[in-house]
Amino acid sequence: MTLQTSAAIDLLDLVARVDDLAGANVQTVGDLMLDRFIYGHVERISPEGPIPVLKIDRQVSMLGGSGNVLRNLAAVGASTQFVAVVGDDSIGQEVCKLVEVETGEASHDLVIEPGRQTTVKERFVASNQQLLRADREMSASLKAETCNAIVAKIERSAPQAPVLILSDYGKGVLTPATLEKIIQAGLDAGCHIIADPKGRDYSIYRGVSIVTPNRRELHEATGMSVDGDDAVVAACQHLIKTCGLKGVLATRSEEGMTLVTEDGLVEHLDAEAREVFDVSGAGDTVVAVLGAALAAGMDLTQAAWLANVAAGIVVGKTGTAVAYGSEIRQALLARNGLSSQGKIAELETVVHRVGQWRRAGYKIGFTNGSFDLLHPGHISSLQQSKSACDRLIVGLNTDASVKRYKGESRPIQNETARATVLAALEIVDQVVLFDDDTPLSLIEAILPDVLVKGADYTVDQVVGGDVVINNGGKVILANIEDGFSTTNTVARINNGKP
């Protein structure tokens, strides 16, 4: 499959495509492990030696290694065929259950090797600072029958996904011999192949579309300087030429990322300006979002942009974190100074986005009004609406629509101002204007799972209520906050009263 690239990025277009990640199909194979974070606080030094005593408060277990790639794919709504190896121990059983939680189905593509220790990394943390990491793992090679089972699963499922991610942590799954067979299967199926590499010899990844080394790994693999843009580009080009790679996406911490391809494309992507708390798993986020974007049909430059933004999000969190689609969208909008404008859209765009949300399993809510001079009563109604759904769409009367039922003196604020105020609210996910007297056409197009209107109506009086109910949804009547009314507020102002 040929990688297509673009010379420039339209950030607003990219924002509109973030929801395309939901439903993207990606295949992942690599080293699966358990990440366990043991949190506590230190109050004293041990009398047995100059070491802190950690008083444990809680612990959190989550998928690590290729499992963290799976978690990041799930966070943006992508689906995956997930191939990995675990032992037949208690840690392996715990990992299997976590995989099932992430995929929503039995972990049927996990290969269980009897007698093998499932890798677990335990991190002891106090005040957001790691004190110690303890690893339990088996360094022995996988059995031949295990390797054959992995390859067979990839050969069978590679044609079903446009992207194949190789998550190599050097724990024995992706040996050179196994890699050669897996890469060939991906190439035969026409997949984009993304490798998160390990070690110094990148020739074992020959034929892949993109490798994603960090700055240290790039230096170790080439023996070249990686100080400055020109040096990084030269090192990437060296890898491409000597190892038979189609491209390199080098992650450079505070300096962002550099994308270099065999056909001469060079793109430097600036890092998000944010405080870094923890870089654990950021590389997993990069390959997951890059892979989901390519699977969704984006070009390589667009995919790299999204991966860069997602990486900036996760390093601002603690632990092995993920980046959600909503976070990526808001970060892109913030870069363009339009953190709320992406929420205001035409009906066609909203219907497309609703389809994406539904594929990701989200419950869609709808409410409507003129929302002129936003007051606490409006906020209460919107909060009640959002509490009943995952994604809230607000239908907003245009100026002409408001004038027809409230008179020529209304609205006080024009439709652009009213839409901007609503979009700035975190509880509102989408704003769409309508010019009709009622929002019936919007409701028929969107078919929300939940329709919310004020309790001054009855269910049979709610416009579109029958449409929603007949479609399997429900109508909710929100409590009305007494004492708040835009009409009364305007009357008091006109009468010179506070």
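The structure this text deals with has already been given above.
Now for a quick tour of the structure. For clarity, every value in this text was computed on a predicted model and none was experimentally measured.

Focus on the overall build of the protein chain
Alright, step 1. The number of helices and strands found in the protein chain is 17 helices and 18 strands.
Alright, step 2. Taking the principal axes of the C-alpha coordinates as reference, the protein chain spans close to 80 × 60 × 45 Å.
Alright, step 3. Relative to its full complement of 498 residues, the protein chain shows a buried share of 52%.
Alright, step 4. A separation threshold of at least 6 residues defines the contact pool for the protein chain, and within that pool the share at least 24 residues apart is 70%.
Alright, step 5. Summing over all exposed atoms, the protein chain offers an accessible surface of approximately 21800 Å²; the carbon and sulfur share of this is 49%.

Observations concerning the sheet that holds strand E2 (residues 32-45)
Alright, step 1. The sheet built from four strands is open, its strands ordered E3-E2-E6-E7 with mixed pairing. Each having just a single partner strand, strand E3 (52-65) and strand E7 (129-136) make up the two edges of the open sheet. Strand after strand, the sheet turns through a mean of 20° between neighbouring axes, direction not considered.
Alright, step 2. In this structure, strand E6 (residues 120-126) lies alongside E7, joined through seven bridges in antiparallel fashion.

Here's the deal with the side chain of Arg391
Alright, step 1. Checked against the element boundaries, Arg391 lands in strand E15 (residues 391-397).
Alright, step 2. Here Arg391 sits buried without a salt bridge, and the closest side chain of opposite charge, Asp429, lies 4.5 Å off (N-O distance).
Alright, step 3. Residues contacting Arg391, with those up to four places away along its chain left out, are Ser326, Trp357, Tyr362, Lys363, Ile364, Gly365, Lys386 and Asp429.

Some remarks on the sheet that holds strand E16 (residues 430-434)
Alright, step 1. Strand order across the open sheet formed by five strands is E16-E15-E14-E17-E18, with parallel pairing between neighbours. Strand pairing shows two members of the sheet lacking a second neighbour, E16 and strand E18 (474-478), which therefore form its edges. Going from strand to strand, the sheet's axes swing by 25° on average, the running direction of each strand aside.
Alright, step 2. Of the pairings in the sheet, the one linking E15 to E16 comprises five bridges and is parallel in character. Residue pairing for E16: Ile393 is matched across the bridge by Gln430.
Alright, step 3. Sitting on the sheet, helix H12 (residues 376-387) is in contact with strand E14 (364-369), E15, strand E17 (450-454) and E18, with an inclination near 140° to E15.
Alright, step 4. In the packing of helix H14 (residues 415-423) onto the sheet, contacts are made with E15 and E16, and the angle to E15 comes to roughly 165°.

Here we look at the pattern of salt bridges
Alright, step 1. Throughout the structure, instances matching the rule amount to 21 salt bridges.
Alright, step 2. Here Asp135 and Arg133 are joined by a salt bridge, their closest N and O atoms 2.7 Å apart.
Alright, step 3. Note on Asp135: relative accessible area 33%, which makes it partly exposed.
Alright, step 4. Of the charged contacts in the structure, one is a salt bridge between Glu137 and Lys171, with a shortest N-O distance of 2.8 Å. On the criterion of sequence distance, the pair formed by Glu137 in the loop between E7 and helix H4 (144-157) and Lys171 in the loop between strand E8 (163-167) and helix H5 (176-188) is long-range, its members being 34 residues apart.
Alright, step 5. Look at Glu137 and you get partly exposed, because its relative accessible area is 37%.
Alright, step 6. For Lys171, a relative accessible area of 22% corresponds to the partly exposed category.
Alright, step 7. One salt-bridge network, in which partners are shared between bridges, spans Arg215, Asp229, Arg252, Glu254 and Glu255.

The rules behind these values
Every chain is numbered independently, its residues counted from 1 as its sequence is written. Reporting of local features is limited, given that this is a predicted model, to residues whose pLDDT is at least 70; pairs of side-chain atoms are given and counted only at 80 or more, and all residues count toward the totals for whole chains, interfaces and linings. Derived side-chain values reflect all non-hydrogen atoms in the structure, with water molecules and hydrogen atoms excluded from consideration. Labels follow the DSSP assignment, with helices taken as runs of H or I lasting at least four residues and strands as runs of E lasting at least two, numbered in each case from the N terminus. Each residue gets one of three labels from its accessible area relative to the maximum for its type: buried under 20%, exposed over 50%, partly exposed in between, using a 1.4 Å probe on protein chains only. Should any heavy atoms of two residues lie within 4.5 Å, those residues are considered in contact. Accessible areas in this description were obtained via Shrake-Rupley with a 1.4 Å probe; residue shielding takes into account the shown protein chains only. We treat two strands as partners when DSSP finds at least two bridges between them. In this description, a line fitted to the C-alpha atoms serves as the axis of each element, helices being fitted only across the stretch in contact, and the angle between N-to-C directions of two axes falls anywhere from 0 to 180 degrees. Residues counted as positive are Lys and Arg, residues counted as negative are Asp and Glu, and His and the chain ends are not counted. By definition, a salt bridge exists where a carboxyl oxygen of Asp or Glu is found within 4 Å of a side-chain nitrogen of Lys or Arg.

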